[in-house]
Structure formats: structure tokens, C-alpha cells
There are 2 protein chains.
Amino acid sequence: MSLRVLGVDPGLTRCGYGVIDAGSGRSASLVDVGVVRTSPEDTIDVRLLAISRGLEAKIEEHAPDVVAIERVFAQANTPTVMSTAQVTGVAIVLAAQRGIRIALHTPSEVKAAVTGSGRADKKQIQAMLVKLLRLDAAPQPADAADAVAIALTQLWRGPGPVRRDASGGARTSAQSVWAEAERAARRARDSSTSRF
Amino acid sequence: MSLRVLGVDPGLTRCGYGVIDAGSGRSASLVDVGVVRTSPEDTIDVRLLAISRGLEAKIEEHAPDVVAIERVFAQANTPTVMSTAQVTGVAIVLAAQRGIRIALHTPSEVKAAVTGSGRADKKQIQAMLVKLLRLDAAPQPADAADAVAIALTQLWRGPGPVRRDASGGARTSAQSVWAEAERAARRARDSSTSRF
């Protein structure tokens, strides 16, 4: 059974999600992509609940092995960074409640994994997604495309250094089981020489 | 039936909670206080799940009318601010899932409400809690005391300007019902001249 990753681009107005399945070698296929939208007219509790329900529905529908989330730093765009972190907390708990492993990736890690350059722009990322996933066009809006890129990053980088970076601590035994499954998947990928 | 408030001082290592019931006039009584602790040795998903379960248990046990949470700004202590915001998101969704209204209060609002000065220190706040709630000693640790202070702030400030500040938008109808109930409670308090 191939590894399935749900990528999440956390945001309060548009929370992107993208589900991919690992193929042979470094190939992957797109299973689902979209955004959960909330209105700035609504209060923060109504909005976070809508995102929680939207992401929960996608987790229940697709049963991912890992939930990968973009890591946002406090130094970033201040007005939105706190609500982005709130969405991140909600997404992490949704995964943890189901024993699904989580990982966090920085924007530059995502850019580097998908395009080979940590300074790639949105257009370059979207062009790579079209190529890598054999799509007719890049997922829209940008938040949806970003979520797919985060999922691909998880597939290719795996849990090693990213995992330590995301946790700042040791793994629990349940997480070790997931890590082992991922290592097996990575070994399968590494044993192939095809890159596309 | 008197208004019951659950105050939350969001934090990843120690998440404080305090439950108070409104009394006559501006009096209040302490129902429960404590902290949900998590270990820095554990991963972020394990820690957020533990806090989610701990707060959920307290919400189920005490059925608060309002959940009041300390509002943290991105400018604050950077290393912990993101995890604090993640805990905040989790707490907001726990309340929203149950139709419980939420409110956010800044540290200076809490200090001003409890001591009369927005620049009060921890000792002054704790001394006021002992007096206001007729306790033998201030709740320990400080995170637990802070949570009680946040709950008192909600009781006394009510949903008016704080609510608008917390939401940045209009109220939904379900929230209007809560707001109406709170207004009724505030009217009852305002009609009394006693302050304790």
C-alpha cells in the first residue's frame, strides 16, 4: 500500500489541502486538492470551527498516513501569523486524535524540495506540480497548490531531520511505528533510479 | 443560574485553566483551577493532543457559558508565541464545537480588570485574586492564577468591546444569543451597588 500524504497550507480565509499518493520511484499522483474557505465577516470561533470541520472531513475521506503542514514563523506577516498558527494547532490535533503522524515544513524547504531552489517563486512551484503530477493545469487557488507542494515535500524529505526540527524532542513509540513505515517507503523510492 | 466562565492561559508546557461562577454584584466564586502540563520531551502533536484532552475534560466537567482566553501577540516572546497560538486555536475550537462563546483578552486588559492598573505585576494580580475570591492563598502555579484572572476579566468586562476586538467582525446569531444572556447577567450585576 502506497504512502498517502495530506498537505495543509494553514490559513484562516483560505486553508489549502492537497492529498497525494506515493507512486514508484519518485512519482506521485494527486488524489484531492482544494481549499476550506471562511469569511472575514465571521468571528474567529466560527471560522476555526469551519476549518476544523473541513479538514476533519478530508482526513476521514482520505485516511492519510501523514499530515504535513507548512511551518510559519512569528517573524512573518504579523497580522495573519497568529491565526495561521491557530489553524496549525487545530490541524495538528485533528491528526493526533487519529494517531496520524504530523510533520512541519518551512516554505523554503517546500520550494527546495519541489523545484530544487529554496528561492523559487509561486509560478515555478506551480509549473513543477503540473509536471510532477502530470496535471493539465496547476491547482487553484495558490493555497491549494501550496498544500500539494507541502505534501510532495513530505513524501520526498521524509521524517528524518524534518521530524526532529518539527518536534524539538524525542519520538514516542506510536510515532516510531510511522517513522518505520516511512523509512520502508523511502527505501523503496531510493532503490529506484527513475526521477521522471 | 449564574454565569460560569472558564479562563484559559494558553501555553504548551503549562496551560492554565480557571473556572469561576458569577455571584451577586461583582462577587465571584472559584470552582476549579489548575494547569494541564506537557513535557518538552514529547513531540508537538503529543503535547497539543494532551492539552486538547485536558481542556476538553474541564469543559465537559464544568459546562462553562463562556471560554475566555488570553490573547497573545506575535510581537511577544517569539520562541513560544507560535505554540501559544496553536494552543489558543485548539481551545477556541473545543468551545465552538459545543456552541460555547469565546472571548480573547490581552494581558493588559486582564491586569486592568483585576487590579485597576494595566501595569500591575504578577504579585499584585495574585493578591487581588485572594481578596476577590476569598482564598487562603493564590492559585499555583502562576499560569493557573493567570487563567482565573482571565476568567474574572471576562465576567467584569463582558462581551462588548472585547468581543469586537476578538472577532474583527460581526456576530453570528448563535453568538447573539450568548451576548444577550451575558447582557442580562451584566444588567443584574450593574443593578447592584455592592462591589464584592
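Quantities reported herein were computed from a predicted structural model and do not represent experimental measurements.

Caption draft 1: Here's a closer look at the environment of Leu135(B). Tracing the chain through its elements places Leu135(B) in the loop between helix 4 (122–132) and helix 5 (142–157). Once residues lying within four places of it in the same chain are set aside, the contact partners of Leu135(B) are Leu30(B), Leu129(B) and Val130(B).

Caption draft 2: View of the nonpolar core. One finds Leu55(A), Val67(A), Leu55(B) and Val67(B) to be the most contacted residues of the largest nonpolar core, which totals 52 residues. Setting aside chain neighbours within four positions, we find Val67(B) in contact with Leu6(B), Val8(B), Ala95(B), Ile100(B), Arg101(B), Ile102(B) and Ala103(B).

Caption draft 3: Local environment of helix 5 (residues 142–157) of chain A. Taking 1.5 Å of rise per residue, 16 residues should cover 22 Å, and helix 5 of chain A covers 22 Å from first to last C-alpha, within 8% of that figure. Among the 16 residues that make up helix 5 of chain A, 14 are buried, leaving the element largely enclosed by the rest of the structure.

Caption draft 4: The arrangement of the UniProt feature "binding site: Mg(2+) 1" (unreviewed entry) in chain A in detail. Residues and elements named next belong to chain A. Taking the numbering used here, the UniProt-annotated feature "binding site: Mg(2+) 1" (unreviewed entry) corresponds to Asp9 and Asp143. Maximum C-alpha separation among the annotated residues is 6.1 Å over a sequence range of 135 residues, consistent with a single clustered spot. Residue position: Asp9 is located in strand 1 (residues 4–9). Ignoring anything within four residues of it in the chain, the contact list for Asp9 reads Arg14, Cys15, Gly16, Glu70, Asp143, Asp146, Ala147 and Ile150. Among the structural elements, Asp143 can be located in helix 5. Residue Asp143 is classed as buried on the basis of its relative accessible area, which comes to 15%. Excluding residues within four positions of it along the chain, Asp143 makes contact with Asp9, Arg14, Gly16 and Val35.

Criteria and thresholds
Residues numbered from 1 in each chain as written. Chains lettered and ligands numbered in written order. Predicted model: local features only at pLDDT ≥ 70, side-chain atom pairs only at ≥ 80, totals over all residues. Heavy atoms only, no water. Helix = DSSP H or I, 4+ residues; strand = E, 2+ residues; numbered from the N terminus. Contact = heavy atoms within 4.5 Å. Core = buried A, V, L, I, M, F, W, Y, C linked by side-chain atoms within 4.5 Å. Buried < 20%, exposed > 50% of the residue type's maximum accessible area, 1.4 Å probe, protein only. Expected span 1.5 Å × (residues − 1). UniProt positions renumbered as here; feature names shortened; annotations may be inferred.

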